[in-house]
Amino acid sequence: MSSAKVAVVTGGNKGIGLAIVRALCKKFDGDVYLTARNDDRGKEAVKLIEGEGLKVKYHQLDIDDVESIKRLKDYMVKNYGGIDVLVNNAGIAFKNADPTPFGEQAKVTLATNYFSTLEGSRILLPIIKAKGRVVNVSSFMSVFSLKKCSPELQAVFRSNTITEEELTDRMNEFIKYAIEGTHQQHGYSTSSYGMSKVGVTVMSRIHARWLREQGKNDILLNACCPGWVRTDMAGPKAPKSPDEGAETPVYLALLPEGATEPHGQFLSEKKVQEWLREQGKNNVLLNGRCPGWVRTDMAGPKAPKSPDEGAETPVYLALLPEGATCIGENVCAW
């Protein structure tokens, strides 16, 4: 059995998942496992990371397949004694223009994003090692969708005593009403993806509470919002790159040894900044930034700014002088 620490990223072959793998390979003191449902795509992603001069390992994982999750669990227990860092990133979403009936979209989306993530957590949480870190990648759509729910449902989802069984009942209820076409009348949001991420966020609070009840106070579990990121799921118009989207999940995955917070929270980039300030770390500044329309492969040759010009605002923020107390919590344009 290896004495090395180990980090596992689900859905790690592309998008934010791949960016999280890349960042952990650079910053995590241990072995990093990229996992993917499809072996060919997973191994291609491994080649890409290795081509950047980084070391990464691979294990097949389909979170929709319980036996696949169990095989990963058995492998991690046998070879590492458990898992030190688990990032639950795998998920799906239908495109806005997809003609699939809403009820079917709700059923399929929640099957992976909520129910499979839940099953994976049930299987893998017991093998998270002391001082471990668990990060569930949620979405800002969970916030929007929660606000679209009825006051009664909002109260249920925000309850500090909601159980896993009660949450699952609500997720099943949403699917039932979505198939009937009556989900709005019953107080649910019109976004199946958003509702699936409401489930992930609330599930994270429930599991964080469970860890505390088990006396595992040194294992920190949080949900996070990477932001609107340019991925196959969100499209090319999103303002953040996958590497930028990976920043908050990686921050939570690498919370230092001895930390006792944050735990059981839903954190965005702004929330991370607020938490830092609550800890008295007013000299740590965290900002979003808009580099502008820049001539890149993604934006095309007609953009007015060069890459060097686009770098000016991020570099300015990165080099704010010692003693600066702002610009924290802002989205800054030059």
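Under an unreviewed UniProt entry, the protein chain has the name carbonyl reductase (NADPH) and belongs to Clavelina lepadiformis. The UniProt entry for the protein chain carries this comment under Sequence similarities (unreviewed entry): "Belongs to the short-chain dehydrogenases/reductases (SDR) family."

Looking now at the overall build of the protein chain. Along the protein chain, the regular secondary structure elements total 13 helices and nine strands. Counting only residues that meet the buried cut, the protein chain has 48% of its 334 residues in that class. Here the analysis covers contacts within the protein chain between residues at least 6 apart in sequence; of these, 70% occur between residues at least 24 apart. Entry remark: accessible area of the protein chain is about 16600 Å², with carbon and sulfur atoms responsible for 52%.

Along helix α6 (residues 151-158), the positions that sit buried rather than exposed are L153, Q154 and F157. When α6 is viewed along its axis, its buried side chains cluster within an angular range of 105° and face the same direction. For α6, the exposed residues set more than 90 degrees away from the buried face come down to P151 and E152. Contact partners of the buried residues in α6: α5 (140-148), α7 (164-180) and α8 (192-213).

The seven strands lie next to each other as β3-β2-β1-β4-β5-β6-β7, forming an open sheet whose pairing is parallel. Looking at the sheet topology across the chains shown, the edges are occupied by β3 (57-60) and β7 (266-267). Along the sheet, α8 makes contact with β5 (128-137), β6 (220-224) and β7, crossing β6 at roughly 170°.

Between its first and last C-alpha atoms α7 spans 24 Å; for 17 residues at 1.5 Å apiece the expected length is 24 Å, and the two agree. Taken together, the buried positions of α7 are occupied by E164, L167, T168, M171, F174, I175, Y177 and A178. Looking at the buried side of α7, the elements it contacts are α4 (102-124), α6 and α8. G181 sits one or two positions beyond α7 and adopts a positive phi of about 80°.

Let's shift gears to the nonpolar core. Counting 37 residues, the largest nonpolar core has I20, V21, L24, L34 and V87 as its most contacted members. Looking at this core, the element that brings in the most residues is helix α1 (residues 15-27), giving eight residues. When residues no more than four places from it in sequence are discounted, the contact partners of V21 are V9, G12, V32, L34, I49 and V56. In this structure, I83, L86, L125 and L211 belong to the second largest nonpolar core, which totals 22 residues.

This brings us to the packing of aromatic side chains. Any two aromatic rings considered together are summarised by their centre-to-centre distance and by the angle between their planes. On inspection of all chains with the given rule, the structure shows seven aromatic pairs. Seen from their ring centres, F102 and F174 are 6.2 Å apart, and the 85° between their planes marks the pair as edge-to-face. Placement of the pair is F102 in helix α4 and F174 in helix α7, with a sequence separation of 72 residues. Residue classification places F102 among the partly exposed positions, given a relative accessible area of 25%. Among the aromatic residues, those joined into a ring-pair cluster are F102, F174, Y177 and Y188.

To continue, consider the packing of α6 against α7. Closest axis-to-axis distance for the α6/α7 pair is 10 Å, and the angle between their directions is 145°. In the crossing of α6 with α7, the sense of the turn from one axis to the other is left-handed. For the pair formed by α6 and α7, the contact residues are L153, V156 and F157 on the first element and L167, R170 and M171 on the second.

The rules we used
Residues numbered from 1 in each chain as written. Predicted model: local features only at pLDDT ≥ 70, side-chain atom pairs only at ≥ 80, totals over all residues. Heavy atoms only, no water. UniProt positions renumbered as here; feature names shortened; annotations may be inferred. Helix = DSSP H or I, 4+ residues; strand = E, 2+ residues; numbered from the N terminus. Buried < 20%, exposed > 50% of the residue type's maximum accessible area, 1.4 Å probe, protein only. Contact = heavy atoms within 4.5 Å. Areas by Shrake-Rupley, 256 points an atom, 1.4 Å probe, with all protein chains shown as cover. Arc of directions from axis to C-beta. Pairing = 2+ DSSP bridges. Axes fitted to C-alpha atoms, helices over the stretch in contact; angles between N-to-C directions. Expected span 1.5 Å × (residues − 1). Core = buried A, V, L, I, M, F, W, Y, C linked by side-chain atoms within 4.5 Å. Phe/Tyr/Trp six-rings, centres within 6.5 Å; stacked < 30°, edge-to-face > 60°. Left-handed = near helix turned anticlockwise from the far one by under 90°.

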